[in-house]
Amino acid sequence: MQPNSKIKIYTDGSCRTNPGGVGGWGVVITDDDQNIVSTMSGGEPDTTNSRMELVGVIKGLEVVHLYNLSDSVTVYSDSRYVIDNCIKFTNYPISEADLWERYFTLKDLIKDISHVWLPGHRGTPLQEIADTLATNASGDLKAWLEKRNWNRKRKFSFT
């Protein structure tokens, strides 16, 4: 990858039962020539679709910052909620304040971030990969939790 090339991050999130279900996020990071630099995904047992959409953006930006891939990033998402708040920062639930704080910290660290809304499930290949990663992550986590008879509401005490 060329130094200072423009990085593109395609993100998506999913939630099996919204709100409070098992969710997943997916990220595809590419260089200027649309060569895939990295893919990643993950999930949470008790979440919302909006949280997973935003976590995907954050995870992508964290990789760009951590590995100093570029000072110029374009984030693509099919979530109007995420894109609108990244651009205008208009309205978000207090339950997501932790994620918005992480996002804005990263935004301050990366010089040039732009945001593009893409309609979901319209055949944009890299966005479809992000969607598949998010969907698979939530499905894999759900199956793992069910196999172990996991109670999502269980609280842990570490002493």
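Preceding this section is the structure that the text describes.
Residues numbered from 1 in each chain as written. Predicted model: local features only at pLDDT ≥ 70, side-chain atom pairs only at ≥ 80, totals over all residues. Heavy atoms only, no water.

(A) Structural context of the overall build of the protein. Of regular secondary structure, the protein possesses four helices and five strands. Traced from its N-terminal end to its C-terminal end, the protein shows the element sequence β-β-β-α-β-α-α-β-α. Counting contacts in the protein only where the partners sit at least 6 residues apart, residues at least 24 apart contribute 68% of the total. Summing over all exposed atoms, the protein offers an accessible surface of approximately 8700 Å²; the carbon and sulfur share of this is 50%. (Helix = DSSP H or I, 4+ residues; strand = E, 2+ residues; numbered from the N terminus. Contact = heavy atoms within 4.5 Å. Areas by Shrake-Rupley, 256 points an atom, 1.4 Å probe, with all protein chains shown as cover.)

(B) Here's a closer look at the packing of aromatic side chains. Within this structure, the stated rule accounts for five aromatic pairs. Ring geometry for Y81 against W100: centres 6.0 Å apart, planes inclined by 75°, an arrangement best described as edge-to-face. Of the two residues, Y81 is situated in helix α2 (residues 80-88) and W100 in helix α3 (residues 97-109); the sequence distance between them amounts to 19 residues. By relative accessible area, which is 1% here, W100 ends up buried. For the pair W100 and F104, a centre-to-centre distance of 6.0 Å together with 35° between the ring planes defines the contact as tilted. One end of the pair, W100, and the other, F104, are both in helix α3, four residues apart, so they sit about a helical turn from each other. Lying over the aromatic face of W117, R80 brings its terminal NZ or CZ to 3.6 Å of the ring centre. (Phe/Tyr/Trp six-rings, centres within 6.5 Å; stacked < 30°, edge-to-face > 60°. Buried < 20%, exposed > 50% of the residue type's maximum accessible area, 1.4 Å probe, protein only. Lys NZ or Arg CZ within 6 Å of the ring centre and 35° of its normal.)

(C) A look at the sheet that holds strand β2 (residues 21-30). Within the open sheet, the five strands sit side by side as β3-β2-β1-β4-β5. Their pairing is mixed. Both outer strands of the open sheet, β3 (36-47) and β5 (112-117), are each paired with one neighbouring strand and no more. Each neighbouring strand pair of the sheet contributes to a mean axis angle of 20°, computed without reference to strand direction. Sheet topology note: the strand β1 (residues 7-15)/strand β4 (residues 72-77) ladder contains five bridges and is parallel. Its bridge partner being in β4, I9 is matched across the sheet by V75. Its contacts with the sheet place helix α4 (residues 125-147) against β1, β2, β3 and β4, and it is angled at close to 145° to β2. (Pairing = 2+ DSSP bridges. Axes fitted to C-alpha atoms, helices over the stretch in contact; angles between N-to-C directions.)

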